[in-house]
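# Structure at a glance
The chain contents come next:
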Amino acid sequence: MSLSVEQARDLVFARCRVLETESVPILEALGRVLATEVRSDIDVAPFDNSAMDGYAIRAADLVGASESAPVTLAVVSEIAAGSYSELEIGPGQAARIMTGAPVPPGADAVVMVEFTEAGEAGGATHGTVRIMREVTSGENIRRRAEEVAAGDVVLSAGEEVGPAAVGLLAATGHATAEVYRRPKVAVLSTGDELVDVTELPGRGKIRNSNSYSISAQVIAAGGMPLRYPIVRDDRAAMREAFAQAASEADFIATTGGVSVGDFDYVKPVLEELGEMEFCKVAMRPGNPQTLGSIDGTPFFGLPGNPTSTFVGFEIFIRPALRFMQGHAKLDRPRQQAVLAHDVKKKRDRRYFLRASLERSSDGSYVVTLSGSQSSALLTAAHRGNCLLVMPEGEELFPAGSMAEVIRLDMEEGIQ
Ligand code: AMP
Ligand code: MG
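To keep things clear, this report deals only with the structure shown in the data block. (Residues numbered from 1 in each chain as written. Chains lettered and ligands numbered in written order. Predicted model: local features only at pLDDT ≥ 70, side-chain atom pairs only at ≥ 80, totals over all residues. Heavy atoms only, no water.)

### Structural notes on the sheet that holds strand S7 (residues 109-112)
Within the open sheet, the 6 strands sit side by side as S7-S4-S6-S5-S9-S8. Their pairing is mixed. The open sheet has two edge strands, S7 and strand S8 (116-118), and neither has a second partner. Neighbour-to-neighbour, the strand axes of this sheet turn through a mean angle of 40°, independent of strand direction. Here strand S4 (residues 54-57) pairs with strand S6 (residues 93-97) via 3 bridges, running antiparallel. Across the sheet, residue Ala56 finds its bridge partner in S6, namely Ala95. (Pairing = 2+ DSSP bridges. Helix = DSSP H or I, 4+ residues; strand = E, 2+ residues; numbered from the N terminus. Axes fitted to C-alpha atoms, helices over the stretch in contact; angles between N-to-C directions.)

Here it is in structure tokens:
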């Protein structure tokens, strides 16, 4: 009996756990999930400061100022970013000020340099300035603690660290962050026909491409692949390799050997070493998706065909690895698009077809198959940017009808 995709996914999550946390330099926290809230050690900004290059003034002095009736003020100081001035700005006075410099006492606004004209030079003093505009009190001043106050929470546990969060960590005095660790994923390809990428395949042999495509998917999902040597279609060899993987990895992904061929030993060996939960999902490509565990380590047996492994990873393993890393968002964005052509399918399976989503000139999204849908071929997955989802229960989806796609070009987020 085949499970539905949803039933199978629930069982995958049930076998996974959220991993431990670790403290890492903030750049290594990029893309990971915070395990603790983050508080600031200081006010950010630490002081009221100018948002513009211009003049710090008292807004009341400029009431009525215009191009035809400029107001002339005495410039009493000059404040560059990184310095400060304690000299109080009195009525009729101004301070030349640069972006980011502390606003001096007495001033309550900054007027942009573009609305001013330097007046007479002042010799030993700073001279005068003519101002051609009124300003409101507070204008062009960035307030102390506008981002966060000392001791307050700037980032919360469970939030993903993007580039802006890395900047906030730095601004609030954190060189390291506590995040969930990356899962170590054992990647094992099974098959007597497999040779390594560096070899020219002999008669009846093919290159082991799955080990690399799966490892790449592991990296893209935030995990760390442990690539094992090719495992031959031999029970003892499988037993040894799977047991080693269970002792070294947080998750085991195998490819091949889960079908009904005479030498497909993955399932019996899994049952010997641990337990098998399911071995069939009502989907195409890749019906024989297999789940189990060995000594508590989740085990996912992907089919052998390159696109069946690719899709199986995307639908089951990627969300599981994200769950293990503490992510709340586990699913890629989905959206509706207009089918560019008829699609026929078997009634009882859900199809995940490799397709391209494009925006047409009228703004609507159109989805087109991106190449041959043979599960032995990877080119359509490479050329495409989405999976076209064709649900169970129907056999024909006509051109022009609406269909759902999973955006492979977008990170998990908005649903
Ligand atoms: P299997 O499920 O082991 O019968 O494999 C199904 C198909 O996938 C066969 O045509 C295999 O040659 C192919 N295949 C299996 N493993 C790999 C691999 N690691 N890389 C590329 N193709 C593979
Ligand atoms: Mg095989």
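### Some thoughts on the nonpolar core
Core analysis: the biggest nonpolar cluster contains 34 residues, and Phe251, Phe300, Phe316 and Phe352 have the highest contact counts within it. Elements supplying a minimum of two residues to this core: helix H1 (5-15), strand S13 (184-189), helix H3 (210-220), strand S17 (251-255), strand S21 (297-302), helix H6 (306-324) and strand S26 (386-390). When near neighbours in sequence (up to four residues on either side) are disregarded, Phe316 contacts Val5, Ala8, Arg9, Val12, Val281, Met283, Gln289 and Phe300. Counting residues in each nonpolar core, the second largest holds 18 residues, with Val231, Ala241, Ala246 and Tyr265 among its members. (Core = buried A, V, L, I, M, F, W, Y, C linked by side-chain atoms within 4.5 Å. Buried < 20%, exposed > 50% of the residue type's maximum accessible area, 1.4 Å probe, protein only. Contact = heavy atoms within 4.5 Å.)

### Observations regarding unusual backbone geometry
Here the residue pair Val44 and Ala45 is connected by a cis peptide bond, since its omega of -5° sits within 30 degrees of zero. When you line up the elements, Ala45 lands in the loop between strand S2 (38-39) and strand S3 (49-50). A positive phi angle, near 65°, is found at Ala145, a position not held by glycine. Overall, Ala145 belongs to the partly exposed group, its relative accessible area being 24%.

### Some remarks on the sheet that holds strand S16 (residues 224-227)
On the basis of which strands lie adjacent, the open sheet formed by 6 strands has the order S16-S13-S17-S21-S20-S18 and mixed pairing. The open sheet has two edge strands, S16 and strand S18 (275-278), and neither has a second partner. Mean inter-strand twist for the sheet, computed between neighbouring axes without regard to direction, equals 25°. Where S17 and S21 come together, 4 bridges link them in parallel fashion. By the bridge assignment for S21, Thr255 is matched with Leu302. The strands touched by helix H4 (residues 235-248) within the sheet are S13, S16, S17, strand S20 (290-294) and S21, with S13 carrying the most contacts at an inclination of about 170°.

Shape is all these values report; function is a separate question.
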